[in-house]
Amino acid sequence: MSKPPATGYTQTKYPIVLTHGLFGFDDILGIDYWYKVPETLRQDGADVYVTVVANANTPEIRGEQLIPQVEQILAITGAEKVNLIGHSLGGPTVRYVASVRPDLVASVTTVAGVNRGVPSSLPDDLSPASEQLLNTFGNILPNLIDGITGVDFEQDYLAALRSMTPEQSAVFNELHGDGIPDTECGEGAYEVNGIRYYSWSGAQPTTNVLDPSDILTALGANNFPEGVANDGAVGSCSSRLGMVIRDDFSMNHLDEVNHLFGIHDLAETDPLTVFRTHANRLKEAGL
């Protein structure tokens, strides 16, 4: 009796779907958001798709934009479900899809997902005029990204920021909380409604002097209280969901998706290796 053909290390049963975070994109002016991630996973057999949603809006709106893209991927591939991977605000986005359309989803993985919110720098008492002014200026970058990448989604900078506050994240988790830990820094349910939940994140805002993005994450780290582990944008405990792979990689918020151009801490595991290992984890789980 002949043996079945061997599959590649990253050859999952279901397609892998990548969803970006705040101010995200697929590629822009030669810069890939998921730098070499899709190519690396495809080399060993994975079927990988990069999606684009509003780069500044709520997880609910972004999730509704993601659903038809997932349906199209299923139609193209003939697969029954997908493995969703979301970075940053993409975390709650893919969680929303799993919550409202569990029939489409085999697994959810958040990479530095904003699962319990991040410290807010927005004043609580903004006047309507101030809100309008702030949103007008705040939407300049999202609309510019949209224009360059050739997509046309409604952007709402203020709504995006407010959705990531601890208070609004708690409201979101009441409705779409599968996989969220019961304790502040614990693990969540590994499986809910037949969907597997995973997460990982970094905890080092600055990782390489040659990486210009370190400037942004170093500034972002100032928003966190002293002693709170974070990657320059999201706290380690806030990122936890389901099975926690690690929440202390020596990576900043952009290193986690191998951005910018793969510059990262040379003493730490290559981000591409983390993605390859996870794809194999999904494969071994029958996903």
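Residues numbered from 1 in each chain as written. Predicted model: local features only at pLDDT ≥ 70, side-chain atom pairs only at ≥ 80, totals over all residues. Heavy atoms only, no water.

Summing up its helical and strand segments, the protein has 9 helices and 9 strands in all. Compactness check: the protein gives a C-alpha radius of gyration of 18 Å against a globular reference of 19 Å for 287 residues, within 12% of the reference. With respect to the principal axes defined by its C-alpha atoms, the protein has extents near 75 × 40 × 40 Å. Residues counted as buried form 52% of the 287 residues belonging to the protein. Long-range pairs, those at least 24 residues apart, make up 74% of the contacts in the protein with a sequence separation of at least 6. (Helix = DSSP H or I, 4+ residues; strand = E, 2+ residues; numbered from the N terminus. Rg over C-alpha atoms; globule rule 2.2 N^0.38 Å. Buried < 20%, exposed > 50% of the residue type's maximum accessible area, 1.4 Å probe, protein only. Contact = heavy atoms within 4.5 Å.)

Here Gly177 is to be found in the loop between helix 7 (166–175) and strand 7 (191–192). By relative accessible area, Gly177 is classed as partly exposed at 25%. In the structure, Gly177 is positioned 52 residues away from Ala229 in sequence and 23 Å away in space, judged by C-alpha atoms. Ignoring anything within four residues of it in the chain, the contact list for Gly177 reads Arg95 and Phe172.

This paragraph deals with the packing of aromatic side chains. According to the stated counting rule, one finds 6 aromatic pairs in the structure shown. Arranged with centres 6.2 Å apart and planes meeting at 85 degrees, the rings of Trp34 and Phe275 form a pair that is edge-to-face. One end of the pair, Trp34, is in the loop between strand 3 (31–32) and helix 1 (37–43); the other, Phe275, is in helix 9 (residues 271–284), with 241 residues separating them in the sequence. A relative accessible area of 3% means that Phe275 is categorised as buried. In this structure an aromatic cluster arises from ring pairing among Phe25, Tyr33, Trp34, Trp200 and Phe275. (Phe/Tyr/Trp six-rings, centres within 6.5 Å; stacked < 30°, edge-to-face > 60°.)

A few words now on the state of the cysteines. A full pass over the atoms with the stated rule returns 1 disulfide. A disulfide bridge connects Cys185 with Cys237, and the sulfur atoms are separated by 2.0 Å. Across the S-S bond of Cys185 and Cys237 the torsion is about -80 degrees, and the bridge reads as left-handed. Of the two residues, Cys185 sits in the loop between helix 7 and strand 7 while Cys237 sits in the loop between helix 8 (213–220) and strand 9 (243–249), which places them 52 residues apart along the sequence. (Disulfide = S-S within 2.5 Å.)

In helix packing, the relevant descriptors are the interaxial angle and the interaxial distance, both defined with respect to the helix axes. Look at helix 2 (residues 59–77) against helix 3 (residues 90–100): their axes get within 8 Å of each other, and the N-to-C directions meet at 65 degrees. Here helix 2 and helix 3 pass one another in a crossing that is right-handed. In contact with Pro59, Glu60, Arg62, Gly63, Glu64, Leu66 and Ile67 of helix 2, helix 3 contributes Gly90, Pro92, Thr93, Val94, Tyr96, Val97 and Val100. A breakdown of the residues in the contact of helix 2 with helix 3 according to their chemical character gives 8 nonpolar, 3 polar and 3 charged. (Axes fitted to C-alpha atoms, helices over the stretch in contact; angles between N-to-C directions. Left-handed = near helix turned anticlockwise from the far one by under 90°. Nonpolar A, V, L, I, M, F, W, Y, C, P; charged D, E, K, R; others polar.)

All right, on to the packing of helix 4 (residues 128–138) against helix 5 (residues 140–149) then. It is the contact of helix 4 with helix 5, at a shortest axis distance of 4 Å, that shows an interaxial angle of 30 degrees. In terms of orientation, helix 4 and helix 5 fall into the roughly parallel class. Contact residues: helix 4 offers Thr136, Phe137 and Gly138, while helix 5 offers Ile140, Leu141 and Pro142. Here the contact of helix 4 with helix 5 is composed, by residue class, of 4 nonpolar, 2 polar and no charged. (Parallel < 35°, antiparallel > 145°, perpendicular 65-115°, else oblique.)

So, about the environment of Phe25. Structurally, Phe25 is set in the loop between strand 1 (16–19) and strand 2 (27–28). Classification of Phe25 as buried rests on a relative accessible area of 9%. Along the sequence, Phe25 and Ala54 sit 29 residues apart, while their C-alpha atoms lie 8.8 Å from each other.

Under the counting rule described, the total for this entry stands at 8 salt bridges. Ionic pairing is found between Asp44 and Arg276, a salt bridge with its closest N-O pair at 2.6 Å. In this pair, Asp44 sits in the loop between helix 1 and strand 4 (48–51) while Arg276 sits in helix 9, placing the two residues 232 residues apart along the sequence. Given a relative accessible area of 25%, Asp44 falls into the partly exposed group. Arg196 is paired through a salt bridge with Glu191; the nearest N and O atoms lie 2.9 Å apart. Residues participating in the shared-partner salt-bridge network are Glu71, Arg101 and Asp103. (Salt bridge = Lys/Arg side-chain N within 4 Å of Asp/Glu carboxyl O.)

Attention now moves to the pairing of strand 6 (residues 105–111). When you tally the buried positions in strand 6, you get 7 out of 7 residues, the bulk of the element. In this view, the connection linking strand 5 (residues 82–87) to its parallel neighbour strand 6 by way of helix 3 has right-handed handedness. Alignment of strand 6 against strand 8 (residues 195–202), held across 5 bridges, turns out to be parallel. If you follow Ser107 over to strand 8, its bridge partner there is Arg196. (Right-handed = clockwise from strand over helix to strand, strands pointing away. Pairing = 2+ DSSP bridges.)

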